[in-house]
Amino acid sequence: MSKITVIGSFVMDNVAKMKKYPEAGETVLGYSLGLFPGGKGANQCVAAARLGGDVQMVGMLGKDGNGDVFRKIMKDEGIKQDNVFSCDVPTAIAQIQINDEGQNRICVIPCANYEFGFEHLDKVDEVIKDTELLILQLEMRLDVTQEVIRRAHKYGVKILLNPAPAVELESEILGMVDYLTPNETELAILTGMPTETDEEVIAAANKLISYGTKTVIATLGSRGALIATEAQVQIVSGYKVKAIDTVAAGDSFNGALAVALTEGKSLEEAVKFANAMGALTVQKEGAIPSLHNRKQVEEFIAKNNK
Ligand code: RIB
């Protein structure tokens, strides 16, 4: 058994850097192209592992070179991969554009991730039952992910859902989630409400709480994160840093949050820790290569909280 189980995606990221994004029909010249291992599931899992979490991965890889890259990463990071399956469809790929502000635009082609079906879910039923905290995103098949949520809820396993890429979800499903971690855009999609001001974010988060979601943690970029429960609403300030590449910032936040929560930290302490991990991630290129370790995060917190 692992304290934390991630059921999620692997994606090989093709990253192009450019001064500004092209408009529709426009061509721009970029200045670099890189290939980095990523995928929201893999990023969150590796983030948790680098922070000392007891974590295992469940998912699907192609029987190809990209799949081998991820298998090696999991081996090197000490992540259990007994329930990472292989298929004849290629490992997923993404096209990512990054502009000079470090912002990103991402298009993922799911490939092997969408080959993870109900038959694989049945094989990992015991894994779900035995874990303390399950981390999910929305890069796998939605029908399968919804079934994971129903099962985990029935088994009394805590669920952390990072609703990305966001789609509208039934309130019944949202009501089964213990920790829901949208960014402002995702929060707007989930609720159909505006999320441009703090007041709007609070109103939208409260709508999710009214569905039964236990805790909403809305990430607000460098402003930090908002925690909403039935009992409280609180904004935990973030860190002002120069972002060069924001890919995987949300994922590293989620991995760190999971580790802190399973260590018994309070919600506020867990979000502070996750904010620091996110702030470090945006200062380095790539998804998995940008994930820092425990010592680096603790040193950053000590230096910036003086
Ligand atoms: O959240 C960032 C990740 O989203 C990238 O690594 C990319 O693969 C997409 O899944």
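Everything below is about the structure printed above this text.
Everything in this summary refers to the structure shown in the same document. These numbers were taken from a predicted model, which means no experiment stands behind them.

1. Some words on the overall build of the protein
Turning to step 1, where the next piece is worked out: Across its full length, the protein carries 11 helices and 13 strands.
Turning to step 2, where the next piece is worked out: What you see for the protein is a C-alpha radius of gyration of 18 Å, in line with the 19 Å of a compact globule of 306 residues.
Turning to step 3, where the next piece is worked out: Its C-alpha atoms give the protein principal-axis dimensions of roughly 50 × 45 × 40 Å.
Turning to step 4, where the next piece is worked out: Buried residues in the protein amount to 54% of all 306 residues.

2. A closer look at the packing of aromatic side chains
Turning to step 1, where the next piece is worked out: Enumeration over the complete set of coordinates arrives at 3 aromatic pairs.
Turning to step 2, where the next piece is worked out: Ring centres 5.2 Å apart and planes at 65° place the aromatic pair Phe-10 and Phe-70 in the edge-to-face group. Taken together, the residues Phe-10 in the loop between β1 (4-7) and β2 (11-18) and Phe-70 in helix α2 (residues 65-77) connect sequence positions 60 residues apart.
Turning to step 3, where the next piece is worked out: The class of Phe-10 is buried, set by a relative accessible area of 2%.

3. With respect to the side chain of Ser-9
Turning to step 1, where the next piece is worked out: Relative to the helices and strands, Ser-9 is located in the loop between β1 and β2.
Turning to step 2, where the next piece is worked out: By relative accessible area, which is 0% here, Ser-9 ends up buried.
Turning to step 3, where the next piece is worked out: Here Glu-139 takes part through its side chain, which lies 2.5 Å from a polar atom of the side chain of Ser-9.
Turning to step 4, where the next piece is worked out: If we ignore the near neighbours within four places in the chain, the residues touching Ser-9 are Gly-39, Lys-40, Gly-41, Ala-42, Met-57, Asn-113, Gln-137, Glu-139 and Met-140.

4. A few points about unusual backbone geometry
Turning to step 1, where the next piece is worked out: Note the cis peptide between Ala-164 and Pro-165, where omega equals -10°.
Turning to step 2, where the next piece is worked out: Position of Pro-165 relative to the elements: it lies in the loop between β9 (158-161) and α6 (171-174).
Turning to step 3, where the next piece is worked out: Look at Ala-248: it is not a glycine, yet its phi comes out positive at around 80°.
Turning to step 4, where the next piece is worked out: Of the residues examined, Ala-248 reaches a relative accessible area of 7% and is grouped as buried.

5. Notes on the site of the ligand
Turning to step 1, where the next piece is worked out: In the vicinity of the ligand, 13 residues are found, and the nearest of them are Asp-13, Gly-39, Lys-40, Glu-139 and Asp-251.
Turning to step 2, where the next piece is worked out: Take Asp-13: an N or O atom from its side chain is 2.5 Å from an oxygen atom of the ligand.
Turning to step 3, where the next piece is worked out: Between the ligand and Asn-43, the relevant distance is 3.1 Å, taken from an oxygen atom to a side-chain nitrogen or oxygen of the residue.
Turning to step 4, where the next piece is worked out: Burial of the ligand by the protein amounts to 96% of the accessible area it has alone, namely 280 Å².
Turning to step 5, where the next piece is worked out: For the shell around the ligand, the elements supplying multiple residues, two or more each, are β2, α1 (40-50) and β7 (104-109).
Turning to step 6, where the next piece is worked out: Among the residues forming the shell around the ligand, the class breakdown is 6 nonpolar, 3 polar and 4 charged.

6. Regarding the pattern of salt bridges
Turning to step 1, where the next piece is worked out: For the structure shown, the criterion picks out 24 salt bridges.
Turning to step 2, where the next piece is worked out: Residue Arg-71 pairs with Asp-68 through a salt bridge whose shortest N-O separation is 2.9 Å. Residue Arg-71 and its partner Asp-68 are located together in helix α2, separated by 3 residues, close to a single helical turn.
Turning to step 3, where the next piece is worked out: Owing to a relative accessible area of 45%, Asp-68 belongs among the partly exposed residues under this scheme.
Turning to step 4, where the next piece is worked out: Here Glu-299 makes a salt bridge to Lys-295, at a shortest N to O gap of 3.2 Å. One end of the pair, Glu-299, and the other, Lys-295, are both in helix α11 (residues 294-304), 4 residues apart, so they sit about a helical turn from each other.
Turning to step 5, where the next piece is worked out: Judged by its relative accessible area of 58%, Lys-295 falls in the exposed class.

Conventions and cut-offs
- Residues numbered from 1 in each chain as written.
- Predicted model: local features only at pLDDT ≥ 70, side-chain atom pairs only at ≥ 80, totals over all residues.
- Heavy atoms only, no water.
- Helix = DSSP H or I, 4+ residues; strand = E, 2+ residues; numbered from the N terminus.
- Rg over C-alpha atoms; globule rule 2.2 N^0.38 Å.
- Buried < 20%, exposed > 50% of the residue type's maximum accessible area, 1.4 Å probe, protein only.
- Phe/Tyr/Trp six-rings, centres within 6.5 Å; stacked < 30°, edge-to-face > 60°.
- Polar contact = N/O pair within 3.5 Å; in protein donor to acceptor, adjacent residues only side chain to side chain.
- Contact = heavy atoms within 4.5 Å.
- Near = heavy atom within 4 Å.
- Areas by Shrake-Rupley, 256 points an atom, 1.4 Å probe, with all protein chains shown as cover.
- Nonpolar A, V, L, I, M, F, W, Y, C, P; charged D, E, K, R; others polar.
- Salt bridge = Lys/Arg side-chain N within 4 Å of Asp/Glu carboxyl O.

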